[in-house]
Amino acid sequence: MNTSTAITCVAALVLCSLALSSNALQIEPRSSWGAAPARSPSRISGAVDYVIIHHSDNPNGCSTSEQCKRMIKNIQSDHKGRRSFSDIGYNFIVAGDGKVYEGRGFGLQGSHAPNYNRKSIGIVFIGNFERNAPSAQMLQNAKDLIELAKQRGHLKDNYTLLGHRQTKATSCPGDALFNEIKTWPHWRQN
């Protein structure tokens, strides 16, 4: 390989790298799903130690943005009403329409896992994942979201990944999703 060819190859790699980084995960803001204002949100300063994975246990999940936004709004209404939370319990929502939606977002304490809320990011997958795992797109979106949290300083590099069932007596996030996250690098048995 001559010098000119080598320079061309390096330039192509740099351009591809720039193109990939510009296609970073897009998080749909709270306003996109019509979030009601939170009551007295609690801030978390610094990077947290845990990511807690949940499923919403909606039998059919959602596949269109309209369905997903309606489900997210219903989850928030249930959390703020029946459960008396200050807001939707989760920090982020991974939906079947290929998008990630902001729940409470980064830097705010969730209401999703007792004893872990102040030191974790709660990510819920919309659907029931007892028998079948989420789509490859949903799984990748969650992985990308976790990486983004690390890059932005909201999650420690040596974080621990847990399924909701590891924090309290529940079947959440469903057997299929739990078995999937057990293969991810930061999952730990507690």
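What you see is a predicted model; the values in this text were computed from it and never measured.

(A) Quick look at empty space enclosed by the protein. Applying the stated criterion across every chain yields a total of 1 cavity of 30 Å³ or more. Lining the largest cavity are Ile44, Gly46, Val48, Asn91, Gly105, Phe106, Gly107, Leu108, Ser120, Ile121 and His154. Split by residue class, the lining of the largest cavity holds 5 nonpolar, 6 polar and no charged.

(B) Local environment of the layout of surface pockets. Counted as a void, the largest pocket has a volume near 510 Å³. Sorting elements by how many residues they give to the lining of the largest pocket places helix 2 (residues 65–80) first, with 5 residues.

(C) Broad picture of the pattern of salt bridges. For the structure shown, the criterion picks out 7 salt bridges. A salt bridge links Arg30 to Asp87, with the shortest nitrogen-to-oxygen separation between them at 2.8 Å. One end of the pair, Arg30, is in the loop between strand 1 (27–28) and strand 2 (48–55); the other, Asp87, is in the loop between helix 2 and strand 3 (92–94), with 57 residues separating them in the sequence. Arg83 is paired through a salt bridge with Asp78; the nearest N and O atoms lie 3.5 Å apart. Linked by salt bridges that have partners in common, Asp78, Arg82 and Arg83 make up one network.

(D) Representation of the pairing of strand 5 (residues 120–125) within the structure. Where burial is concerned, most of strand 5 is hidden: 6 out of the 6 residues are buried. Going residue by residue along strand 5, you find Ser120, Gly122 and Val124 tucked away on one face and Ile121, Ile123 and Phe125 tucked away on the opposite face as well. As paired strands, strand 2 and strand 5 are joined by 6 bridges and run parallel to one another. Among the inter-strand pairings, Ile52 is bridged to a residue of strand 5, identified as Gly122. Judged from the 3 bridges that link them, strand 3 and strand 5 form a sheet pairing that is parallel. Residue pairing in the sheet places Val94 in a bridge with Phe125 of strand 5.

(E) Layout of the sheet that holds strand 5. Taken in spatial order, the 6 strands make up an open sheet running 1-4-3-5-2-6, and their pairing is mixed. For this open sheet the edge positions go to strand 1 and strand 6 (155–163), each flanked by a neighbour on one side alone. Its contacts with the sheet place helix 3 (residues 136–151) against strand 1, strand 2, strand 3, strand 4 (100–102), strand 5 and strand 6, and it is angled at close to 145° to strand 6.

(F) The nonpolar core, seen in detail. In this structure, Ile123, Phe125 and Leu161 are the most contacted members of the largest nonpolar core, which totals 28 residues. Of all elements in the fold, only strand 2, strand 3, strand 5, helix 3, strand 6 and helix 4 (175–181) reach the threshold of two or more residues within this core. Looking at this core element by element, the count peaks at 7 residues for helix 3. Excluding residues that lie within four positions of it along the chain, Phe125 makes contacts with Ile53, His54, His55, Ser56, Val94, Pro134, Met138, Leu139, Ala142 and Leu177. Core analysis: the next-biggest nonpolar cluster, separate from the first, contains 13 residues, Cys62, Cys68, Tyr101 and Ile126 among them.

What counts as what
- Residues numbered from 1 in each chain as written.
- Predicted model: local features only at pLDDT ≥ 70, side-chain atom pairs only at ≥ 80, totals over all residues.
- Heavy atoms only, no water.
- 1 Å grid on protein atoms, 1.4 Å probe; cavity = no way out; pocket = protein on both sides within 12 Å on 5 of 7 lines; lining within 4 Å.
- Points joined across faces, edges and corners; volume = space filled by probe spheres on them.
- Nonpolar A, V, L, I, M, F, W, Y, C, P; charged D, E, K, R; others polar.
- Helix = DSSP H or I, 4+ residues; strand = E, 2+ residues; numbered from the N terminus.
- Salt bridge = Lys/Arg side-chain N within 4 Å of Asp/Glu carboxyl O.
- Buried < 20%, exposed > 50% of the residue type's maximum accessible area, 1.4 Å probe, protein only.
- Pairing = 2+ DSSP bridges.
- Contact = heavy atoms within 4.5 Å.
- Axes fitted to C-alpha atoms, helices over the stretch in contact; angles between N-to-C directions.
- Core = buried A, V, L, I, M, F, W, Y, C linked by side-chain atoms within 4.5 Å.

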